[in-house]
Amino acid sequence: MSFASVVDVLSGEIAVGSEITVRGWVRTRRDSKAGISFINIHDGSCFDAVQAVVPSEVDNYQSEVVKLTTGCSVAVTGTVAESAGQGQAFELQATKVHVYGWVEDPDTYPMSPKRHSMEYLREHAHLRTRTNVTGAVMRVRNCLSQALHRFFHEQGYLWVSTPIITASDAEGAGEMFRVSTLDMMNIPKKDNGQIDYAQDFFGKEAFLTVSGQLNVESYACSLSKVYTFGPTFRAENSNTSRHLSEFWMVEPEVAFADLNDIAGLAESMLKYAFKAVLTERADDMAFFQQRIDSGVIDRLQQVIEQDFVHMDYTDAVEILQNCGKKFEYPVAWGTDLQSEHERYLAEVHVGAPIILKNYPKDIKAFYMRQNDDGKTVAAMDVLAPGIGEIIGGSAREERLDVLDARLDEMQLPKEQYSWYRDLRRYGTVPHAGFGLGFERLVTYVTGMQNIRDVIPFPRAPKSADF
RNA sequence: UCCCCAGUAGCUCAGUUGGUUAGAGCGGUGGACUGUUAAUCCAUGUGUCGUUGGUUCGAAUCCAACCUGGGGAGCCA
């Protein structure tokens, strides 16, 4: 007798007639007065639960088996058999049922076998892991994560773990969380009344990172092809279905690459990940298609088959101005595109992900490489229908004189970027990279509406429970 | 942070032009039936009506503030 996962039983990997033990949680129990009970057991190894057929001859049938409710944890021993009923190819003919843990009060067990709203599940984030939807999301999330690592590994990229704590408050990508061990009730002050950060843990102000990009550029300028994949923090007071205070980001950075190179990288990376999900998590994707978003599989299939549409910002502005649609905000060259504009381009004009390139320099970050026209920078955004920006990237300014001029123009302190400038002083090379919001990718792939439902324990303004 | 909406049973919601005893479905429980599978059928219980304050003879209902959640916007990934 050996232990087996539900997936091993249902996939037919275990020979009919084998005696095994399956361990997991009860999803439903149905009794037949003919003297048997059907118990569906899930263990997270796949979407479906395995059906255990328990005859009344089992020792604890009356005392325990018929009292099992949704959520109880059990080990069921029996033989694998071809199912006599509809709905599954294989099942478990039980000879022994061991109960690990009961559900205190079935009436108030939060994950009762009925439809729950996503908001309700979020408020029970420690138990929503038992549900179909959260299980499916987490398996797809894992699949995407593994696929991305595999993709970069196969392409010869090194995974570089950039620091989560940073002393630079000038990364320029948003509000940051402070990291400090100072006693908040007794903050040390300098003579001039300002806080004396010299007494803090790092001897200076420290924060949680908003991006690994600047750090990983240093590794790209020596190891050539690198990427980061780790948590990122934004203290923005963003209350939307596509923002988190703590999220994961994938940031490849490539030496000797230009904007078109990384646009191509983004495209092949996404296609690789989508293919992996469709082949490896067909069971979960079928569920999303059926219950969450009826177009989700076709959409991924189309993205895989079609070439991404590339468009210059300047051309996009022209299309928006001439499309005849009335927007709440006017479209003008030099201003950032609004959500409604991005949505029109991705959802109506193209109907698929679109790569927008070469934005006006004044609305983009200091490190983006200036184009020869003097007006634009080599930046790109990948916009996905329904979500908006899923990837943002650029060629990096590798010319020290141009970078310095830009720092001056934006009144950024050069001292704080001394090590970043060194990369341009010593053997500089053209390089480029982008950042992929991992949870936004999971949202797109699953068809889920809210980003808070595709990360195990979401952190957002006024929300850090569990 | 701004705009809009919501908060009533374990869950999803209905109700209320202010007035005695607060409603349904699902879930739970008990039973019937059945190789069942979101089973079906019968029976059955459940409520500080988000919090605090105000108006009133009387508030779950009207008003105010606050809290929480949702949708949209901004910021971005």
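Quantities reported herein were computed from a predicted structural model and do not represent experimental measurements. (Residues numbered from 1 in each chain as written. Chains lettered and ligands numbered in written order. Predicted model: local features only at pLDDT ≥ 70, side-chain atom pairs only at ≥ 80, totals over all residues. Heavy atoms only, no water.)

Turning our attention to the protein's contact with RNA strand B. Around RNA strand B, a shell composed of 55 residues is seen, among which Gln 86, Asp 107, Arg 122, His 243 and Arg 440 lie nearest. Taking the atoms of RNA strand B that fall within 4 Å of the protein, sugar and phosphate contribute 51% of them. Between RNA strand B and the protein, one listed contact pairs a base oxygen with a side-chain N or O atom of Gln 51 at 2.7 Å. Arg 440 is positioned with one of its side-chain polar atoms (N or O) 2.2 Å from a sugar or linking oxygen of RNA strand B. Elements supplying a minimum of two residues to the surface near RNA strand B: strand 2 (19–32), strand 4 (50–55), strand 6 (90–101), helix 2 (118–123), strand 12 (246–255), strand 16 (388–396) and strand 17 (431–437). (Near = heavy atom within 4 Å. Polar contact = N/O pair within 3.5 Å; in protein donor to acceptor, adjacent residues only side chain to side chain. Helix = DSSP H or I, 4+ residues; strand = E, 2+ residues; numbered from the N terminus.)

Before going further, it helps to spend a moment on the sheet that holds strand 12. Read across the open sheet, the 8 strands follow the order 7-11-12-17-16-15-14-13; overall the sheet is mixed. Edge strands, defined here as strands with exactly one partner in the open sheet, are strand 7 (158–159) and strand 13 (309–312). Sheet analysis places strand 11 (residues 225–233) next to strand 12, joined by 9 bridges and oriented antiparallel. Note that in strand 12 the partner of Lys 225 across the bridge is Val 254. (Pairing = 2+ DSSP bridges.)

Roughly 870 Å³ of internal volume is contained in the second largest pocket. Forming the walls of the second largest pocket are 33 residues, and the residues nearest its centre are Lys 114, Arg 115, Asn 132, Phe 287 and Arg 291. Listed by contribution, the elements that provide at least two residues to the lining of the second largest pocket are strand 2, helix 2, helix 3 (132–154) and helix 6 (282–292). Here the lining of the second largest pocket gets 6 residues from one element, more than from any other, and that element is helix 6. Looking at side-chain class alone, the lining of the second largest pocket contains 12 nonpolar, 12 polar and 9 charged residues. (1 Å grid on protein atoms, 1.4 Å probe; cavity = no way out; pocket = protein on both sides within 12 Å on 5 of 7 lines; lining within 4 Å. Points joined across faces, edges and corners; volume = space filled by probe spheres on them. Nonpolar A, V, L, I, M, F, W, Y, C, P; charged D, E, K, R; others polar.)

Before going further, it helps to spend a moment on the domain arrangement of chain A. Segmentation of chain A into domains returns domain 1 (2–101) and domain 2 (132–174 + 210–453). In this structure, domain 1 and domain 2 have C-alpha centres spaced 45 Å apart. In this assembly, domain 1 packs against domain 2 so that about 500 Å² is buried in total across both faces, 49% of it on carbon and sulfur atoms. For the pair domain 1 and domain 2, the interface holds 0 salt bridges. Applying the counting rule to domain 1 against domain 2 returns 4 residue pairs in polar contact (both at pLDDT 80 or more). Grouping the constituent residues of the side of domain 1 that touches domain 2 by class yields 2 nonpolar, 2 polar and 1 charged. (Domains from an automatic or database assignment. Buried area = accessible area lost by both parts, 1.4 Å probe. Salt bridge = Lys/Arg side-chain N within 4 Å of Asp/Glu carboxyl O.)

With that settled, consider the environment of Ser 241. Along the chain, Ser 241 falls in the loop between strand 11 and strand 12. Overall, the relative accessible area of 32% leaves Ser 241 in the partly exposed class. Setting aside its immediate chain neighbours within four residues, Ser 241 contacts Gln 449, Asn 450 and Ile 451. (Buried < 20%, exposed > 50% of the residue type's maximum accessible area, 1.4 Å probe, protein only. Contact = heavy atoms within 4.5 Å.)

With antiparallel pairing, the 3 strands of this open sheet are ordered in space as 8-10-9. The strands lining the two open edges of the sheet, one partner per strand, are strand 8 (165–166) and strand 9 (178–179). The pairing of strand 8 with strand 10 (residues 206–208) spans 2 bridges and is antiparallel. Across the sheet, Ile 165 pairs through a bridge with Leu 208, a residue of strand 10.

Turning to helix 10 (residues 400–409), its buried residues are Val 402, Leu 403, Asp 404, Arg 406 and Leu 407. Each element contacted by the buried residues of helix 10 is listed here: helix 11 (418–425). Note on helix 10: the residue one or two positions beyond its end, Gln 411, has a positive phi of about 55°.

Before going further, it helps to examine the packing of helix 3 against helix 5 (residues 259–280). Between helix 3 and helix 5, whose axes approach to 9 Å, the crossing angle comes to 135°. One element, helix 3, and the other, helix 5, form an angle in the oblique class. Crossing of helix 3 against helix 5: the hand is right-handed. Where helix 3 approaches helix 5, its residues Val 140, Cys 143, Leu 144, Ala 147, Leu 148, Arg 150, Phe 151, Phe 152 and Glu 154 are matched on the opposing element by Leu 265, Ser 268, Met 269, Tyr 272, Ala 273, Ala 276, Val 277 and Glu 280. Residue composition of the contact of helix 3 with helix 5, grouped by class: 13 nonpolar, 1 polar and 3 charged. (Axes fitted to C-alpha atoms, helices over the stretch in contact; angles between N-to-C directions. Parallel < 35°, antiparallel > 145°, perpendicular 65-115°, else oblique. Left-handed = near helix turned anticlockwise from the far one by under 90°.)

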